[in-house]
Amino acid sequence: MERIKTGMEKNLAAPESIDAYIAGFPPEIQAVMEDIRKTIRKAAPAATEKISWGMATFFYHGNLVHFAGNKNHLGFYPGANGVANFMEELKEYQTSKGAIQFPYKKPLPHELIFRIVAFRMAENEAQAKGKNKK
């Protein structure tokens, strides 16, 4: 996956917020990023935002999902289970073990993204409850 050159390459420091991360991309990609951000926020209102692994990250009892701008697509990273549990609905997208590629030329599948994030919220909550019992 080829990352878009954002002009931030000269500055070795990673952006400190999702706002700063998004600001480093061209306007048309910023719009897609803000779009997925709103969808994730609706599905995970209790999640916090941060930068992790150099990507926009939502955190809720651990990393929940990430997204990142690439040359021809928006990378969405809900983890291996977040992809595996929705494989039938993800057939039209390029996927790998924990990643989904949403081409910029297609509209984002908001309802599907919402359900993937909700699934990951429940998964992280269950894992957190399991840890608390020990």
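Refer to the structure printed above.
Residues numbered from 1 in each chain as written. Predicted model: local features only at pLDDT ≥ 70, side-chain atom pairs only at ≥ 80, totals over all residues. Heavy atoms only, no water.

*Asks:* Residues and numbers for the overall build of the protein chain, please.
*Replies:* A count of helical and extended segments in the protein chain gives four helices and six strands. Starting at the N terminus and walking to the C terminus, you meet the elements of the protein chain as α-α-β-β-β-β-α-β-β-α. Looking at the protein chain as a whole, 43% of its 134 residues qualify as buried. Taking the contacts inside the protein chain whose residues are at least 6 apart along the sequence as the reference set, 52% of them involve residues at least 24 apart. Surface exposure of the protein chain reaches about 7,700 Å², of which carbon and sulfur atoms provide 55%. (Helix = DSSP H or I, 4+ residues; strand = E, 2+ residues; numbered from the N terminus. Buried < 20%, exposed > 50% of the residue type's maximum accessible area, 1.4 Å probe, protein only. Contact = heavy atoms within 4.5 Å. Areas by Shrake-Rupley, 256 points an atom, 1.4 Å probe, with all protein chains shown as cover.)

*Asks:* Please give an account of the pattern of salt bridges that cites residues and values.
*Replies:* Under the defined criterion, the tally for this structure stands at nine salt bridges. Between Glu49 and Arg41 there is a salt bridge whose closest N-O contact spans 3.5 Å. You can call Arg41 partly exposed: its relative accessible area is 27%. Between Glu111 and Arg115 there is a salt bridge, with the nearest N and O atoms lying 2.4 Å from each other. (Salt bridge = Lys/Arg side-chain N within 4 Å of Asp/Glu carboxyl O.)

*Asks:* Describe the pairing of strand β2 (residues 55-59), and please don't skip the residues or the numbers.
*Replies:* In the case of a regular strand, side chains alternate between the two sheet surfaces. Burial of β2 is extensive: four of the five residues sit out of reach of the surface. Alignment of strand β1 (residues 48-52) against β2, held across five bridges, turns out to be antiparallel. Directly across from Ile51, in β2, lies its bridge partner Ala56. A loop of two residues connects β1 with β2, the two strands running antiparallel in sequence, and Trp53 in this loop sits at a positive phi of about 55°. When β2 meets strand β3 (residues 63-69), the two strands line up antiparallel, connected through four bridges. Paired with Phe59 across the two strands is Asn63, which belongs to β3. What sits between β2 and β3 in their antiparallel hairpin is a turn of three residues, with His61 showing a positive phi close to 50°. (Pairing = 2+ DSSP bridges.)

*Asks:* I'd like a rundown of unusual backbone geometry, residues and numbers included.
*Replies:* The phi angle at Trp53 is positive, at roughly 55°, despite the residue not being glycine. Within the secondary structure layout, Trp53 lies in the loop between β1 and β2.

*Asks:* Hey, could you go over the environment of Ser52 for me, with residue numbers and the actual values?
*Replies:* Here Ser52 lies in strand β1. The class of Ser52 is buried, set by a relative accessible area of 13%. In sequence terms Ser52 and Glu16 are 36 residues apart; their C-alpha atoms lie 9.5 Å from each other. Filtering out sequence-adjacent residues up to four positions away, Ser52 remains in contact with Thr57, Asn63 and His66.

*Asks:* Mind laying out the sheet that holds β1, listing which residues take part and the relevant values?
*Replies:* Two strands in a sheet stick together by hydrogen bonds in their backbones, pointing the same way (parallel) or opposite ways (antiparallel). The strand order across the open sheet built from six strands is β1-β2-β3-β4-β6-β5, with neighbouring strands paired in antiparallel fashion. Either end of the sheet is taken by a strand with one partner, and the two such strands are β1 and β5 (94-96). Strand-to-strand twist of the sheet, defined as the mean angle between neighbouring strand axes without regard to direction, takes the value 25°. The strands that helix α2 (residues 27-43) touches are β1, β2, β3, β4 (73-77) and β6 (99-103); relative to β3, the one it contacts most, it runs at about 170°. (Axes fitted to C-alpha atoms, helices over the stretch in contact; angles between N-to-C directions.)

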